[in-house]
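Close look at the chain arrangement
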Amino acid sequence: MSLTRRQFLKRSGLATGSLLGANAFTHILARPALADLLGPLDRYLIVLYLDGGNDGLNTIVPFDDVGGADLRSHYESHRGAGGSGLRLLPGDLAVPSRAMADPGSGTQLGFHPALSELVTLYEQGQLAVIQGCGYPEYNLSHDEATTIWATGNPLGLGALGGTGIVGRHLAAEYGAPDIPAVIIRSGPVDDFRQTATNVLNLVSLENFGFPYDDYDEGDDAAKDLAYQTLYGNGFGGNPLASYIGNTGTAAFQAVQDFAPLHDSYVTDRNAFNVQYDGKGRLARGFREVAKLIYGVEQGAPGIGTRFFHLREGGFDTHSNQGAVLGSHAQNLKDVSRALGLFYEDLDDMGAADKVVTIVWSEFSRRIPQNKNGTDHGSQGPMFVVGGNSTGTGPVLGGVYGNHPNIDALALDQRENTSYSQDPGDSFRSTDFRDVYGTLFKHWATVPEPTILSELVQLDPGDPDLYWTTQDFD
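Residues numbered from 1 in each chain as written. Predicted model: local features only at pLDDT ≥ 70, side-chain atom pairs only at ≥ 80, totals over all residues. Heavy atoms only, no water.

Let us look at the overall build of the protein. What the protein contains, in helices and strands, is 14 helices and 12 strands. Relative to the 2.2 N^0.38 estimate, which gives 23 Å for 473 residues, the radius of gyration of the protein is 23 Å and therefore close to what a compact globule would have. With the principal axes as the frame, the protein shows a C-alpha extent of 75 × 50 × 45 Å. Burial status across the protein gives 56% buried among its 473 residues. Carbon and sulfur atoms form 51% of the exposed surface of the protein, whose accessible area is close to 18,300 Å². Taken as two groups, the 32 positive and 57 negative side-chain charges of the protein have centres that lie 4 Å from each other. (Helix = DSSP H or I, 4+ residues; strand = E, 2+ residues; numbered from the N terminus. Rg over C-alpha atoms; globule rule 2.2 N^0.38 Å. Buried < 20%, exposed > 50% of the residue type's maximum accessible area, 1.4 Å probe, protein only. Areas by Shrake-Rupley, 256 points an atom, 1.4 Å probe, with all protein chains shown as cover. Lys, Arg positive; Asp, Glu negative; His and termini not counted. Charge placed at Lys NZ, Arg CZ, Asp CG, Glu CD.)

In C-alpha cells, the structure reads:
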C-alpha cells in the first residue's frame, strides 16, 4: 500500500510552522535575577486559547462598590437576575482569602464560582489575573480577532508578516532539525506559525506512531529504511526538495522519540494519569503536555520540546450562557479543573516552577447581556499561571491592570468598553502585547530591544489611543 508524504505528515501529526508567537503590570513574572539563574533552556511556556470569546465580566466579577468606581452597581445594571439573567450575586462569587482588589479603584473582586481550582492557585501565589487586556481598533470577528491575538499584530503592520507571536521566537532560536513546540490538536495554529523550525501536532501520544499499513507487519523494517533513504538523500542541494526531505526526516525521528513517552508516563505516574480521566477534553490535552514535560525532565533521548499550545472551545455564548450554572460555568469549570490538576502533577514531578501558562481569548463579551447570553465584546482578563513550590516561583500572583470602565455612559456605540493608553485614565487598558513582552523578557530572557525589533512592533498614532510605549515589566 503506497503512502504519500502528505498522508504521512497528516497521519503522523508533524507540521512545519514555526516561544513567539500591561500597564499597571509591574513584575508579574520573577525578577530578572531569577530568570538568569534558571536559564532559558530550563523552562516551558504553554499557551491556552479559550476559543469563542470568554465573558470576562462574569469570570472576574466586581464584589462591591468600594473606591468610587461603582463597579458592582454598574455590573448589576447590565446583568439581569432571575431565570434568564446572567448576574452573579456577591454570595455566589469565589472570593479568595488572599487580597484580590482592582488596582485602579480598590474594588473587591471575586472569581466565577466554577473556578475553584484557580482560586486555590491564586491563594498560593501561582496565578496572576491581568484585567482589561485588549488592543486598539478592536475587531469583533472571531477569525480576524483570533489572528490579531495570535500574530500580535492588531494594525496589520507589514514588518511582522504573517507569522505568529510565538512563532517568531521559535524561528529566531531554533533550526530545521529541531522540534521545540507541540500543538495538542490535529492542525496548525497561527500563534506558532513560521517557516524556520518544526512544530509537532498530536492529539494522543498513545496513538502516535509511524502510519504503517495493516497488510504485513513483517516488512515494517524495510519500510523504515526505504522512507529514511528517500527523505535523507540530499536531493542534490535543491532548496525546496531539501526542505521537504528535512521535514520528512524530522517527522520520522519524532515518531521514534515521542511515542515511548506515553508508556513511560503511565508506568511511572499512573496515580496522576488516571485522575485526568472524566475531567474533560482539555484535561486530557494537559495530560499529553505532562507526558512530554516528564519526558524532557527524565532526559528522554531526542526530546527538547519547550513550547505547547492547547485550545478549549465553547465560549461563544450568545444564548443559554447561565450564571452560577450553565454553559459558561461548565466551560470555566473544565479550564479550572484541568489547570489545577496539571500543576499538581507538575509539582509532584518537581517541574512546576519551570512551567508558565498564559491564557487568552480572542475577545470578551458585550457588557449588557442580551436575552440570555452575551454578544461579542472587546477587552477582558488574561491569566498567567506558574508553579510556586518553593515560594519563589516564576509568577508573582495577584491582580494586575485596571478593570474596564463598565459605566453605561462610558461604553462605545457597540456597548463595549473602550481601549485607552492615556496615562491619566484610571481605567487605562492593558495591551496584550505588554503581557507577551513581559513573558519574553523575564521568562524567555529575550532582551527588550530584540523583542521590539523581532517579536512585536509599536503602533504609530496618538499615544493615548495606540500602543506607542512598551511596558515589559
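Take the environment of Ala 171 next. Along the polypeptide, Ala 171 turns up in helix α6 (residues 167–173). Taking the C-alpha atoms as reference points, Ala 171 and Asp 213, separated by 42 residues in sequence, lie 34 Å from one another.

Relative to the helices and strands, Ser 429 is located in the loop between β11 (398–400) and β12 (430–431). Of the residues examined, Ser 429 reaches a relative accessible area of 1% and is grouped as buried. Polar contacts involving the side chain of Ser 429 include one to the side chain of Gln 379, which spans 2.4 Å. (Polar contact = N/O pair within 3.5 Å; in protein donor to acceptor, adjacent residues only side chain to side chain.)

What follows is about the packing of helix α9 (residues 261–268) against helix α11 (residues 281–297). One way to put it is that α9 packs onto α11 with a least axis distance of 9 Å and a crossing angle of 95°. Classified by the angle between their axes, α9 and α11 sit roughly perpendicular to one another. Between α9, through Leu 261, His 262, Ser 264, Tyr 265 and Asp 268, and α11, the contact on the second element is made entirely by Arg 287, Ala 290, Lys 291, Leu 292, Tyr 294 and Gly 295. Each residue belonging to the contact of α9 with α11 can be placed in one class, and the counts come to five nonpolar, three polar and three charged. (Axes fitted to C-alpha atoms, helices over the stretch in contact; angles between N-to-C directions. Parallel < 35°, antiparallel > 145°, perpendicular 65-115°, else oblique. Contact = heavy atoms within 4.5 Å. Nonpolar A, V, L, I, M, F, W, Y, C, P; charged D, E, K, R; others polar.)

This part takes up helix α4 (residues 116–123). One turn of an α-helix holds 3.6 residues; hence residues three or four places apart share an orientation. Along α4, the residues that are buried comprise Leu 118, Val 119, Leu 121 and Tyr 122. Seen end-on, α4 carries its buried residues on one side only, within an arc spanning 160°. Buried residues belonging to α4 abut β4 (109–111), β5 (127–134), α12 (327–349), β10 (380–386) and β11. (Arc of directions from axis to C-beta.)

So, on to the side chain of His 403. The residue His 403 is located in the loop between β11 and β12 in this model. Not counting the four nearest positions on each side in its chain, His 403 is found in contact with Leu 57, Ile 60, Pro 62, Leu 71, Asp 102, Leu 109, Gln 131 and Phe 427.

In the Ramachandran plot, Asp 70 falls in the positive-phi region, its phi being about 55° despite a non-glycine side chain. Relative to the elements of secondary structure, Asp 70 occurs in the loop between β3 (60–62) and α3 (71–78). Using a relative accessible area of 33% as the deciding quantity, one classes Asp 70 as partly exposed. For Asn 320, which is not glycine, the phi dihedral falls at a positive 50°. Assignment of secondary structure puts Asn 320 in the loop between β8 (307–312) and α12.

A few words on helix α7 (residues 220–231). Between its terminal C-alpha atoms α7 stretches 17 Å, which fits the 16 Å expected from 12 residues at 1.5 Å a residue. All buried positions along α7 are accounted for by Asp 220, Asp 224, Tyr 227 and Tyr 231. Down the axis of α7, the smallest arc covering the buried residues is 70°, so these residues share one side. Exposed residues lying more than 90 degrees from the buried face of α7 are Ala 221 and Leu 225. (Expected span 1.5 Å × (residues − 1).)

Another point: the pattern of salt bridges. On inspection of all chains with the given rule, the structure shows 18 salt bridges. One salt bridge in this structure joins Arg 269 and Asp 348, with 2.8 Å as the shortest N-O distance. Within this pair, whereas Arg 269 is found in the loop between α9 and α10 (270–273), its partner Asp 348 is found in helix α12, the two being separated by 79 residues in sequence. Here Asp 375 and Arg 366 are joined by a salt bridge, their closest N and O atoms 4.0 Å apart. Through salt bridges with shared partners, a single network forms among Asp 42, Glu 297 and Lys 354. (Salt bridge = Lys/Arg side-chain N within 4 Å of Asp/Glu carboxyl O.)

Bringing the nonpolar core into the picture now. In this structure, Phe 111, Phe 258, Phe 286, Ile 293 and Phe 342 are the most contacted members of the largest nonpolar core, which totals 67 residues. The leading source of residues in this core is α12, at 10 residues. Sequence-distant contacts of Phe 342, that is, excluding residues within four places in its chain, are made with Ile 46, Tyr 276, Phe 286, Val 289, Ala 290, Ile 293 and Val 355. In this structure, Val 47, Ile 183, Tyr 436 and Leu 455 belong to the second largest nonpolar core, which totals 44 residues. (Core = buried A, V, L, I, M, F, W, Y, C linked by side-chain atoms within 4.5 Å.)

Treat this as a map of the structure, not an account of what it does.
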